Amino acid sequence: MGPHRDTGADNASGARRLAREPLSLALIEARNYTLSLLQHFQQALGPAMRLQPLPHAVPPLWLAGHVAWLAEYWIGRNPQRALGPRCPPDAMHIASVEPQSDELFDPRLVAPSQRWSLPLPDAGNVRAYLLDTLETTLELLDRAPDDDDGLYFHRMVLFHEDLRGEQLLAIAQAAGVPVGVSLPAGAAMRDPLLLPASPWSLGWSEEGFALDVECGQERVAVPEFEIDAQPVTWSQYVEFIADGGYDREELWHPQGWHWLQRQGEADGRRGPRYVEQIGVASGAVMQTMFGKATRMAGSQLAMHVSWWEADAWARWAGRRLPTEAEWEIAALQATRRGFRWGEVREWMSGTVRPFAGFRPDAWTPQAELDAQPVFGMARVQRGASFATRARMKHPRARWWALPDRDEGFVGFRTCAV
């Protein structure tokens, strides 16, 4: 597997409104990708894929089983699937082909802390469940109405599996499992970009599938702003460390400083997650990537950064993190001027909140993709990482995480104050 290159907003928009035949091919490809990732885990860990519990992670076999379960629950087991987003959350569902699937893979029944001790089936049985549910999904797709409602849950299943593929790579990173993924090379720095003041409309306005937290419409007036052409690189980040950034309380949000002190007590944190060595004089960074100590070039993008660290770096530099509207304007209007994105997900300044007209989806709680419990607390992420499937990379895509989370392939860029 090589890195997935960004193919542009048009392709990502198209992936969210795939018609029946290309959607069928995409579902097959996504399932093959999941199976190939499982094979990497099995080669490294054996058929049971036994791991010590990892913070902010779930067992890879549980996640793969959950991918199959969600597809079966909302397609194979859902007689009202043709209603699409109008399908009620309490819709009747028929029995699973796997009698224990609900008690093993329904997140409402097993908390994250319990998933490490579940009697999970081995890799062969999870693989069989993935193949069985794919066959059912494709059979029902052949008979589905070829419209947005009729294809809604099939598009959702594709979106969900692509998202979980990136999560499986994050688990592989945490577990030190090699998966054959190459990191993006560094690139020459470009000067920040100045964009004019303009009104802007946030929210998914196109046809096809979108997460509920992406939907709605919100008009904002955006003043003129200057934004970095690329996310912060390792050479830039090392300057912050060399200047005592991890020892200067005045640079940190009070909650961020408290988080840093807790991290320091646990592991003496003086850099982003998985960084093993920093040569302050030389600027060299050694970061463990999928189990291998890797020398990061100064021109490569800093990643596995928490929001607290990104915010502290921006304060140190006399800058700030961008708003969602600023980032989106630049991604949609300034790529030809050198705006570079798609190699790391990026922290935004604001907390996640609903756009006007927000309506919760019935399925997101079952997929643990419901943003409502963290409205006003989690921070928004925009863009995509090298681990994101190409069809998922869209400038209007919206994600979120609590500010202390750093297991994802996340970096940041800044704007002038």
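Residues numbered from 1 in each chain as written. Predicted model: local features only at pLDDT ≥ 70, side-chain atom pairs only at ≥ 80, totals over all residues. Heavy atoms only, no water.

*Asks:* So what's going on with the overall build of the protein chain? Which residues, and what values?
*Replies:* Tallying secondary structure elements over the protein chain gives 11 helices and 13 strands in all. Dimensions along the principal axes, computed over C-alpha positions, put the protein chain at roughly 60 × 50 × 35 Å. Residues counted as buried form 55% of the 417 residues belonging to the protein chain. In the protein chain, the proportion of contacts linking residues at least 24 apart, taken out of those at least 6 apart, comes to 79%. Each charge class in the protein chain can be summarised by its mean position, and for the 42 positive and 52 negative side chains these summaries are 3 Å apart. (Helix = DSSP H or I, 4+ residues; strand = E, 2+ residues; numbered from the N terminus. Buried < 20%, exposed > 50% of the residue type's maximum accessible area, 1.4 Å probe, protein only. Contact = heavy atoms within 4.5 Å. Lys, Arg positive; Asp, Glu negative; His and termini not counted. Charge placed at Lys NZ, Arg CZ, Asp CG, Glu CD.)

*Asks:* Any chance you could break down the layout of surface pockets for me, citing the residues and the numbers?
*Replies:* Reported here for the largest pocket is a volume of approximately 950 Å³. Considering the residues around the largest pocket, the lining is formed by 34 residues, among which Arg164, Gln167, Trp399, Arg405 and Glu407 are closest to the centre. Those elements that place two or more of their residues in the lining of the largest pocket are helix 3 (60-76), helix 6 (148-175), strand 9 (345-351) and strand 11 (399-401). Ranked by the residues each element gives to the lining of the largest pocket, the list is headed by helix 6, at 7 residues. Of the residues assigned to the lining of the largest pocket, the class counts are 21 nonpolar, 4 polar and 9 charged. Taken together, 20 residues form the lining of the second largest pocket, with Pro85, Tyr152, Cys215, Arg359 and Asp361 sitting closest to its centre. For the lining of the second largest pocket, a count of residues per class yields 9 nonpolar, 3 polar and 8 charged. (1 Å grid on protein atoms, 1.4 Å probe; cavity = no way out; pocket = protein on both sides within 12 Å on 5 of 7 lines; lining within 4 Å. Points joined across faces, edges and corners; volume = space filled by probe spheres on them. Nonpolar A, V, L, I, M, F, W, Y, C, P; charged D, E, K, R; others polar.)

*Asks:* So, unusual backbone geometry: which residues are in play, and what are the values?
*Replies:* Most peptide bonds are trans, and most residues other than glycine sit at a negative phi. Even without glycine at this site, Phe290 takes up a positive phi of about 55°. Residue class for Phe290 comes out buried when judged on its relative accessible area of 8%. The phi dihedral of Glu368 is positive, around 55°, even though this residue is not glycine. What makes Glu368 partly exposed here is its relative accessible area of 38%.

*Asks:* Any details on the pattern of salt bridges? Residues and values, ideally.
*Replies:* Applying the stated criterion to the full structure yields 31 salt bridges. A salt bridge links Asp311 to Arg315, with the nearest nitrogen and oxygen atoms 2.7 Å apart. In this pair, Asp311 and Arg315 are both assigned in helix 9 (residues 307-316), 4 residues apart and thus about one turn of the helix distant. By relative accessible area, Arg315 is classed as partly exposed at 38%. A salt bridge links Arg405 to Glu407; the shortest N-O distance between them is 2.5 Å. Salt bridges linked by common partners bring Glu324, Glu328, Arg382, Arg396 and Arg398 together as one network. (Salt bridge = Lys/Arg side-chain N within 4 Å of Asp/Glu carboxyl O.)

*Asks:* Quick one: what's the story with helix 5 (residues 123-143), residue by residue and with numbers?
*Replies:* The end-to-end C-alpha distance of helix 5 is 31 Å, a good match for the 30 Å that 21 residues give at a rise of 1.5 Å each. Those residues of helix 5 that are buried are in contact with helix 2 (20-45), helix 3, helix 4 (101-105) and helix 6. By the N-cap criterion, in which a side-chain oxygen at the helix start approaches the backbone nitrogen of a residue two or three places on, helix 5 is capped by Asp122, the distance to Gly124 being 3.2 Å. (Expected span 1.5 Å × (residues − 1). Polar contact = N/O pair within 3.5 Å; in protein donor to acceptor, adjacent residues only side chain to side chain.)

*Asks:* Could you give an account of the nonpolar core, naming the residues involved and the relevant values?
*Replies:* Formed by 101 residues in total, the largest nonpolar core has its most connected members in Trp74, Phe339, Trp363 and Trp400. When residues of this core are assigned to their parent elements, the largest contribution, 13 residues, is made by helix 6. In contact with Phe339, not counting residues within four places along its chain, are Leu193, Ile227, Asp228, Ala229, Trp327, Ala330, Ala331, Ala334 and Arg413. Counting residues in each nonpolar core, the second largest holds 28 residues, with Ile241, Trp259, Met296 and Phe412 among its members. (Core = buried A, V, L, I, M, F, W, Y, C linked by side-chain atoms within 4.5 Å.)

*Asks:* Let's hear about a negative patch on the surface: which residues, and what values?
*Replies:* On the surface, Glu98, Asp132, Glu135, Glu139 and Asp142 cluster together to form a negatively charged patch. Within the fold, Glu139 resides in helix 5. Overall, the relative accessible area of 40% leaves Glu139 in the partly exposed class. (Patch = residues over 30% accessible without salt bridge, like charges linked within 9 Å, V, L, I, M, F, W, Y side chains within 5 Å. Areas by Shrake-Rupley, 256 points an atom, 1.4 Å probe, with all protein chains shown as cover.)

*Asks:* Could you give an account of the packing of aromatic side chains, naming the residues involved and the relevant values?
*Replies:* Each aromatic ring pair is described using two quantities: the centre-to-centre distance and the angle formed by the ring planes. Scanning the entire structure with this criterion turns up 24 aromatic pairs. With a centroid separation of 5.7 Å and 65° between ring planes, the pair formed by Phe240 and Trp316 is classed as edge-to-face. Placement of Phe240 in helix 7 (residues 234-242) and of Trp316 in helix 9 is noted, with a sequence separation of 76 residues between them. The exposure class assigned to Phe240 is buried, which follows from its relative accessible area of 0%. Feature note: the residues Trp234, Tyr237, Phe240, Tyr246, Trp252, Trp257, Trp313, Trp316 and Phe412 constitute an aromatic cluster, connected by ring pairs. (Phe/Tyr/Trp six-rings, centres within 6.5 Å; stacked < 30°, edge-to-face > 60°.)

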